[in-house]
Amino acid sequence: MPNTSARPKHGRRARRRRRVEPARDQLVSSSLESAQQCLLNQDYGTAFVHYLLVLNLAPVFKDFAQDSFRFTLFKWAEELDSVGRIQELFDCYEQALEIFPADEVILNSMGEHLFRMGFRDEAAGHFHKALKLKPDYPEARENFYRVANWLVERWHFLMLNDHGRNRKYQQAIHKAVQSGCSTVLDIGTGTGILGMCAKKAGAAEVYACELSKTMYELACEVVAANGMEGSIKILHKKSLDMEVPTDLPHRVSLVVTETVDAGLFGEGIIESLIHAWHHLLLPPERGDGEFRGDSTSGRVIPAGATVFCMAVECLEIRRHHRLCAAEVGGLPMAAAGELRSPVSCNQEQDDSTEPYTTERLSRLPGGYRALTEPFTALTIDFNNVQELEGLSSREVREIRLPVNQGGELDALAVWFQLHLDEENSLSTGPEEDTCWEQAIYPVHSAMSFALKPRDELIVDVSCRDAYLRLCCVAVLRDGHKIYLDKRVDLQNPGKPAPNPNPEVELCSALACLQTGPSEPEDFCMLECSEMALLNNQDYHQSFRLALTKLLSELKFKNGNPNTGGTAVSAVDSGLRYVLDVSEGFSLLSLIAARQGQVKAYSSVEKTKQQNVLRRLAQANGISEQHLEFWLNHTEDEQGVLQRPSREKLWTAIILDCVETCGLIRQKLMEKASLARFLLEEGGRIFPGKIVVYGMLVESDTLLLESAVQGREPTLGFNIAPFINQFTVPVHVFLDFSTLECRHLSEALELFVLDLMEAMANYTEREVKVQAIAGGRITAIPFWYQIHLDQDVSVSTLSRTSHWKQAAVVLQQPLEVHAGDWIRLAVKLHKSTISIAAHIDDAPAQMD
Ligand code: 44T
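Conventions adopted
- Residues numbered from 1 in each chain as written.
- Predicted model: local features only at pLDDT ≥ 70, side-chain atom pairs only at ≥ 80, totals over all residues.
- Heavy atoms only, no water.
- Helix = DSSP H or I, 4+ residues; strand = E, 2+ residues; numbered from the N terminus.
- Polar contact = N/O pair within 3.5 Å; in protein donor to acceptor, adjacent residues only side chain to side chain.
- Near = heavy atom within 4 Å.
- Areas by Shrake-Rupley, 256 points an atom, 1.4 Å probe, with all protein chains shown as cover.
- Nonpolar A, V, L, I, M, F, W, Y, C, P; charged D, E, K, R; others polar.
- Pairing = 2+ DSSP bridges.
- Axes fitted to C-alpha atoms, helices over the stretch in contact; angles between N-to-C directions.
- Contact = heavy atoms within 4.5 Å.
- Expected span 1.5 Å × (residues − 1).
- Buried < 20%, exposed > 50% of the residue type's maximum accessible area, 1.4 Å probe, protein only.
- Arc of directions from axis to C-beta.
- Core = buried A, V, L, I, M, F, W, Y, C linked by side-chain atoms within 4.5 Å.
- Patch = residues over 30% accessible without salt bridge, like charges linked within 9 Å, V, L, I, M, F, W, Y side chains within 5 Å.
- Salt bridge = Lys/Arg side-chain N within 4 Å of Asp/Glu carboxyl O.
- Lys, Arg positive; Asp, Glu negative; His and termini not counted.
- Charge placed at Lys NZ, Arg CZ, Asp CG, Glu CD.
- pLDDT = per-residue confidence, 0-100.
- Parallel < 35°, antiparallel > 145°, perpendicular 65-115°, else oblique.
- Left-handed = near helix turned anticlockwise from the far one by under 90°.
- Phe/Tyr/Trp six-rings, centres within 6.5 Å; stacked < 30°, edge-to-face > 60°.
- Lys NZ or Arg CZ within 6 Å of the ring centre and 35° of its normal.

**Some details on the side chain of Asp455**
As for its placement among the helices and strands, Asp455 is situated in the loop between β18 (450-451) and β19 (456-464). Separated by 2.8 Å, the side chain of Asp455 and the backbone nitrogen of Lys452 make a polar contact.

**A word on the site of the ligand**
The immediate surroundings of the ligand are formed by 20 residues, with Met159, Gly188, Glu210, Ser239 and Val260 found nearest. Contacts to the ligand include Glu210, whose side-chain N or O atom sits 2.6 Å from an oxygen atom. With respect to the ligand, the backbone of Ser239 contributes an N or O atom lying 2.9 Å from a nitrogen atom. In the complex, the protein chains occlude 91% of the 720 Å² of accessible area that the ligand would expose alone. A breakdown of the residues in the shell around the ligand according to their chemical character gives eight nonpolar, four polar and eight charged.

**Overview of the sheet that holds strand β24 (residues 598-602)**
What the five strands build is an open sheet, ordered β25-β24-β23-β26-β27; its pairing is parallel. Edge positions in the sheet fall to β25 (627-629) and β27 (679-686), since each has one partner strand and no second. Looking at each pair of strands side by side, their axes are set apart by 20° on average, direction ignored. When strand β26 (residues 650-655) meets β27, the two strands line up parallel, connected through four bridges. Paired with Ile654 across the strands is Phe686, a residue of β27. Across the sheet, helix α19 (residues 607-619) is in contact with β24 and β25; its angle to β25 comes to roughly 175°. Where helix α20 (residues 668-677) meets the sheet, its contacts fall on β26 and β27, and the angle it forms with β27 comes to roughly 155°.

**Looking at helix α9 (residues 163-178)**
With 16 residues, α9 should reach 22 Å at 1.5 Å per residue; the first-to-last C-alpha distance of 22 Å fits that figure. Residues of α9 that are buried include every one of Arg165, Asn166, Tyr169, Ala172, Ile173, Ala176 and Val177, and no others. The arc that holds every buried residue of α9, seen down its axis, measures 140°, which confines them to one face. Set apart from the buried face of α9 by more than 90 degrees, the exposed residues are His163 and Gln178.

**A look at the nonpolar core**
In terms of nonpolar packing, the biggest core is built from 146 residues, with Phe69, Phe265, Phe382, Leu418, Leu457 and Leu470 touching the most fellow members. If you tally residues by element for this core, the top one is helix α4 (residues 86-99), at seven residues. Residues Met333, Leu339, Ile664 and Ile780 belong to the second largest nonpolar core, which totals 92 residues.

**Re the sheet that holds strand β4 (residues 254-257)**
Strands sit in the order β3-β2-β1-β4-β5 across an open sheet of five strands; the sheet is parallel. Every interior strand has two partners, whereas the edge strands, β3 (232-235) and β5 (299-301), have only one. Here the strands of the sheet are splayed against their neighbours by 20° on average, with no regard to which way each runs. Pairing geometry for strand β1 (residues 183-187) and strand β2 (residues 205-209), over five bridges, is parallel. Within β2, the residue paired with Thr183 across the bridge is Glu205. Packed on one face of the sheet, helix α12 (residues 269-279) meets β1, β4 and β5 and runs near 150° to β5.

**As for a negative patch on the surface**
A surface patch of like charges, here negative, comprises Glu431, Glu432, Asp433 and Glu740. Along the chain, the position of Asp433 falls in the loop between β16 (425-427) and β17 (438-442).

**Observations concerning the confidence of the model for the protein chain**
Per-residue confidence for the protein chain gives a mean pLDDT of 87; residues scoring 70 or more make up 87%. Counted against residues more than four places away or in other chains, residues 1-11, with its pLDDT under 50, gives zero contacts.

**With respect to the packing of helix α3 (residues 62-82) against helix α5 (residues 104-116)**
As a packed pair, α3 and α5 sit with axes 11 Å apart at the nearest point and diverge in direction by 10°. Relative to α5, the element α3 lies roughly parallel. On α5, the residues touching Phe69, Arg70, Leu73, Phe74, Ala77 and Asp81 of α3 are Val105, Ile106, Ser109, His113 and Arg116. Its residues placed into classes, the contact of α3 with α5 shows six nonpolar, two polar and three charged.

**Details of the packing of α5 against helix α7 (residues 138-151)**
Two elements in contact, α5 and α7, have axes separated by 10 Å at closest approach and are oriented at 35°. Once α5 is placed against α7, the crossing between them reads as left-handed. Contacts from Asn108, Glu112 and Phe115 of α5 reach α7 at Glu139, Ala140, Asn143, Arg146, Val147 and Trp150. When grouped by side-chain class, the residues that make up the contact of α5 with α7 number four nonpolar, two polar and three charged.

**As for the packing of aromatic side chains**
Inspection of every chain in the model, using the stated rule, returns 22 aromatic pairs. Where Phe416 meets Trp436, the ring centres are 5.7 Å apart and the plane angle is 70°; that geometry is what we call edge-to-face. You can see Phe416 sitting in strand β15 (residues 411-419) and its partner Trp436 sitting in the loop between β16 and β17, a full 20 residues away along the chain. In terms of burial, Phe416 and Trp436 fall into one category: buried. Note on Phe543 and Phe686: the rings are 6.2 Å apart at their centroids and 75° apart in plane angle, and the pair reads as edge-to-face. Pair noted here: Phe543 is in helix α17 (residues 537-558) and Phe686 is in strand β27, with a separation of 143 residues, a long-range link. In this structure, Phe543 and Phe686 share a single accessibility class: buried. Every member of this aromatic cluster is reached through a ring pair, and the members are Phe48, Tyr51, Phe69 and Phe100. A cation over an aromatic ring shows up here: Lys200 above the ring of Phe717, its NZ or CZ 4.9 Å from the ring centre.

**A closer look at the pattern of salt bridges**
In total, this model carries 40 salt bridges according to the counting rule given. Residue Glu398 pairs with Arg400 through a salt bridge whose shortest N-O separation is 3.1 Å. Glu398 sits in the partly exposed class, given a relative accessible area of 40%. You can call Arg400 partly exposed: its relative accessible area is 32%. For the salt bridge of Glu698 with Arg742, the shortest nitrogen-to-oxygen distance reads 3.4 Å. Taken as a pair, Glu698 in strand β29 (residues 697-698) and Arg742 in strand β31 (residues 742-743) lie far apart in primary sequence, 44 residues in all. Using a relative accessible area of 17% as the deciding quantity, one classes Glu698 as buried. The exposure class of Arg742 is partly exposed, given its relative accessible area of 39%.

**Regarding α7**
Helical geometry note: an α-helix holds 3.6 residues per turn, so side chains three or four residues apart project in the same direction. Between the first and last C-alpha of α7 there are 20 Å, a value that for 14 residues agrees with the 20 Å anticipated at 1.5 Å per step. Along α7, the positions that sit buried rather than exposed are Ala140, Glu142, Asn143, Phe144, Val147, Ala148 and Leu151. Packed against the buried residues of α7 are α5, α6 (120-133), α11 (213-225), β37 (821-829) and β38 (832-839).

**Remarks on the side chain of Ser462**
With respect to the element layout, Ser462 can be found in strand β19. Looking at Ser462, the relative accessible area reads 15%, which means it is buried. Once you skip the residues sitting within four places of it in the chain, Ser462 turns out to touch Val396, Tyr467, Leu468 and Arg469.

The following block contains the structure:
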């Protein structure tokens, strides 16, 4: 009998399937029906469960149900999100992705949720996947660009493009390995470059660790692409969490690292090296200090560092950290109390303040003036663990900087020399041609202080919480110590030191009258950009002017609003309503309320900032009833625009259109169309119109910041194609006025956004422009003219602007000759500008 044994088995299975199938089919079809019904009833949770069942049991329905399934998922996720059921939300997405692992829309949407919850690494992973699946998916592209900056910070490009730095590290590593350091750990490997140098130099064993997931994955890709997959062991770990033998089989003879920021210690190098010396490195070589290198002792590259500091006068720094005017938009500010930027190095430091910010001094608009010579603030030997340990507990040390130029004391600028070994060192100084920024310690005494030649500036240097702290304590003048914070002369206690600036003295006295000298800790924190906004007189004056004009126009047109056509309640009669939906701190509501007959609503959210506004209102004769905090009244956290009261509409709605970084705010046009519906007749949105201007430039700097340049491999390694996946076409936080570049065209109008007229807007536009010089167009910096009304406007490019500029960097530089016509295709997709440039072959057809 042929194959008898197989038959019954087959027959049994077939019979079982026949029995199961009708039941399953029935379940599938009834579930599908239920899913559709629930969807109609907007019961998304139940619909989702039914869909899951259907698609798990009957994958054949995947094509048919994909759209409704997605829709259900998104709706259900929205509901879960709104009630804070976040874990369930992500579970649903994971279940959905099990069914549709290659669905770019689901991936992108999950990325958006992850991003909002603060999981940036994971969010980026999802956007990246979505984009790989569908490269021309604009939503995923925009989202990816938004997170790329967080994941792979722009300085990675700068560092890899800094050939001097690369070569010096390579030489130092080569020398150490050749002299006997055969086991190497690269702490904070980034793209893997230093680890690969060690391997190439002949190290027997190389390990690397990296705490960022994205960078770790990138390093793995790069190392594999360079054929070192098996010979460099990369760990996704913080070095502090590593130990022998779990992570390393034994201690290593060399640690290489570049985990330093502009302030040297901000990436935690002190702590990492203390830990490395105790747990990961062979003991240091004893003796004469001259390093010979062998495989029984350990050492670190860089071997040490020297930190320098210098006092500077700089208006640009000042206006970002201190209120510089007594009045803003006509509003006296004395009652505001102390306003501080979140960067300060005071003794009463709290967690929310950083001791320094970073700037490239050479690129600060308006420049800076050195008031002292550079001074050594600190030296540190990374090969001496006692010294490292002593540093964090080291007491405050005082240094004195002789002043050689008179000027206002705005900040201490700090940089360092990194001694890789005896021969090679890197400097991050302001005069060097490197990619480095300097650390800026703004001087925080609320008032200005003018230094004179022959003064001596007394600075306290200490090291706390892994930060180098520098604090300008006092000025020694003619034998007297003038304390900068407390302003008390120790030699005449009780009597304030004579202030060199009488105006400051007066302000100080006034401030004391308002707030009382005994509440120094009662200050209000403002972001640097908010402080710069307050100092932007032009902006506030323009708003005041435009608002005054609008109010008087309406008065003139309608007579007293009391007598207007609609019935108004007694309390509200005669009032105009102005809503300020600016992000962050804004004085505009007060400026509006000060016009009289105006009830202004502010979107300021933070209690301390609301209190500043209340104090200012009180001191400036604005009645309490005329200033409301809008977000205190809306239940909805997303702050959907609403009417001021049932029968009223807004006279003016102030929208904050441009982010400080130089981009148009997301959802601006949606907000504007909502706002238009809520305006009374003749009411206005401020601004009514925004014109985007741009200029064609040749800028190598922008290229160096956006991608690893050149066809040459980096130190002989293939790195560029991997990290360049994280290139984004739009640069932000640019100072166009100091950007090193050649102008290849005049400024030109790129785009117009009409916030008052929905129909006037377009999403694509072609613009033609003639080159005024020959060269390579590498980028198009852009900025905005913000029109409050027909006559009043502010430019985001102005000297007093608190906005920075942004730039589109072209994918391929475009070679042009003077006189060539260039065609720009400008697109606006959801607040994101993209520009493509081509030489215009048919200039005759120009319109
Ligand atoms: N950038 C300076 C700072 N890491 C360089 O995750 C100079 C800024 C800069 N990994 C403009 C120009 C410049 N264990 O990927 C990072 C980081 C990682 C660690 C494992 C640790 N203990 C750490 C500590 C840090 O190391 C990498 C490099 S940190 C270098 C920072 C170009 N703006």
